[in-house]
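Survey of secondary and tertiary structure
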Amino acid sequence: MSVATRNGTSPVDAPVAPPRVVRQRRVRPGLLGLAVLLIALGGLGSAFAVTSVRATGSYLAVARAVEVGSVVRADDLVSVQVAGGQGLEPVPASRLADVIGMRAAVSLAPGSLLTMAQLTDDPLLGPGQQQLALGLRAAQVPAPKLRPGDQVLLVSTPSSDSGGGSSSGATRFTATVTDAVSTDGRDEVVVYLALAVRDVPAVVALAAQDRIAVVLTKAA
């Protein structure tokens with residue numbers, strides 16, 4: 001660039017300003033690593049969401065309360081759709097036939113998912129006990145509904161040819177109810193009892209003669 005002088009002298013070249021150099025910003029390695037980490041975490045989050053959706057399936061849930069020791073029936077359970085379920089091991093709905101007839105090892109609350117750890121195939125028998133079943137008429141059952149864990153007393157009744165003798169010689173056996181089932185269309189209740197091994201033969205003989213009365217001594 002030229003600059004004119006007042007005295008008519010030749011123009012003098014003025015100094016030219018050097019071009020501005022744009023300073024390049026320096027990328028910090030730490031920020032770059034953080035960005036990569038956030039991108040990776042975002043990808044993992046998306047993958048987890050997709051996996052959770054794919055894990056949706058049909059499982060068994062408790063439809064109504066089932067007490068400890070009670071036999072699980074089909075109408076006690078319902079099939080539900082569950083997504084994820086991390087940390088749980090619910091029973092798939094396809095295994096309904098496998099769990100029907102098993103006993104509740106713990107109280108089953110309505111609305112909870114069913115797990116195999118809550119069920120058992122073992123009868124509720126103590127050491128030195130055996131289980132037997134008594135078929136009773138509804139009028140012979142000492143409570144509207146016997147429940148697992150109820151304590152009962154089995155009392156022998158006089159035979160028909162004894163002339164209605166005194167009950168002082170009646171034989172008594174203590175037992176624990178493990179289950180009670182009402183038969184469909186019949187006025188009969190099947191009561192499952194756990195009692196001492198030594199008492200089983202006598203109780204079976206009395207039951208065959210219809211000479212057993214059941215008395216509830218303690219409700220569970």
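Above this text sits the structure in question.
Residues numbered from 1 in each chain as written. Predicted model: local features only at pLDDT ≥ 70, side-chain atom pairs only at ≥ 80, totals over all residues. Heavy atoms only, no water.

**Regarding the overall build of the chain**
Our working definition: Helix and strand definitions here come from DSSP, where helices need a minimum of 4 consecutive H or I residues and strands a minimum of 2 consecutive E residues; each element is numbered from the N-terminal end. Exposure classes here rest on a 1.4 Å probe applied to the protein chains alone. A residue is buried below 20% of its type maximum, exposed above 50%, and partly exposed in between. A contact between two residues is defined here by any heavy atoms of the two lying within 4.5 Å. Computed with the Shrake-Rupley method and a 1.4 Å probe, the accessible areas treat only the protein chains shown as cover for residues.
Helix and strand content of the chain: three helices and eleven strands. Across the 220 residues of the chain, 27% fall into the buried class. Of the contacts made within the chain by residues no fewer than 6 positions apart, 64% connect residues no fewer than 24 positions apart. Of the roughly 14,700 Å² of accessible surface on the chain, a fraction of 57% belongs to carbon and sulfur atoms.

**Focus: helix 3 (residues 200-208)**
Counted only if it meets this: As used here, the arc belongs to the directions running from the helix axis to the C-beta atoms.
For helix 3, every residue scored as buried is listed here: V200, V203 and L206. Buried residues in helix 3, looked at end-on, bunch into an arc of 130°, giving them a common side. Counted as exposed and oriented over 90 degrees from the buried face of helix 3: P201 and A208. Buried-residue contacts for helix 3 involve strand 7 (129-137), strand 8 (151-156), strand 9 (172-182), strand 10 (188-196) and strand 11 (212-218). Downstream of helix 3 by a residue or two, D210 has a phi angle that is positive, lying close to 55°.

**As for the sheet that holds strand 10**
The strands that make up a sheet pair up through hydrogen bonds in the backbone, lying either parallel or antiparallel. Applied cut-off: Two strands qualify as a pair provided DSSP detects at least 2 bridges between them. Angles run from 0 to 180 degrees between N-to-C directions of axes, and those axes are lines fitted to C-alpha atoms, restricted for helices to the stretch in contact.
Read across the open sheet, the five strands follow the order 7-10-9-8-11; overall the sheet is antiparallel. A strand with exactly one partner marks an edge of an open sheet, and here the two such strands are strand 7 and strand 11. Direction aside, the axes of adjacent strands within the sheet are offset by 40° on average. The pairing of strand 9 with strand 10 spans six bridges and is antiparallel. Along strand 10, the bridge assignment pairs A180 with V191.

**Description of the side chain of S156**
Condition: For the purposes of these results, a polar contact is taken to be a pair of N or O atoms within 3.5 Å, where, inside protein, one atom must be able to donate a hydrogen and its partner to accept one; residues adjacent in sequence count only when each atom of the pair is a side-chain atom.
Position of S156 among the secondary structure elements: in strand 8. Separated by 2.7 Å, the side chain of S156 and the backbone nitrogen of T171 make a polar contact.

**Structural notes on the pattern of salt bridges**
Formally: Counted as salt bridges are all cases of a side-chain nitrogen of Lys or Arg within 4 Å of a carboxyl oxygen of Asp or Glu.
Within this structure, the stated rule accounts for five salt bridges. R137 is paired through a salt bridge with D210; the nearest N and O atoms lie 3.6 Å apart. With R137 in strand 7 and D210 in the loop between helix 3 and strand 11, this pair connects stretches of sequence that are 73 residues apart. When salt bridges with common partners are traced through the structure, they connect R64, D75 and D76 into a single cluster.

**Observations concerning the nonpolar core**
Note that soluble globular proteins tend to have their nonpolar side chains buried in a common cluster. Selection rule: We define a nonpolar core as any set of buried Ala, Val, Leu, Ile, Met, Phe, Trp, Tyr and Cys residues linked to one another through side-chain atoms lying within 4.5 Å.
Within the largest apolar cluster, 20 residues are counted, with the highest numbers of intra-cluster contacts made by L134, L154 and L193. Sorting the residues of this core by element identifies strand 7, strand 8, strand 9, strand 10, helix 3 and strand 11 as the ones contributing at least two each. With four residues, the top contributor of residues to this core is strand 10. Beyond its immediate stretch of four places on either side in the chain, L134 contacts L154, V189, V190, V191, L193, A207, I212 and V214. Formed by twelve residues, the second largest nonpolar core is a distinct cluster that contains V72, L77, L114 and L119.

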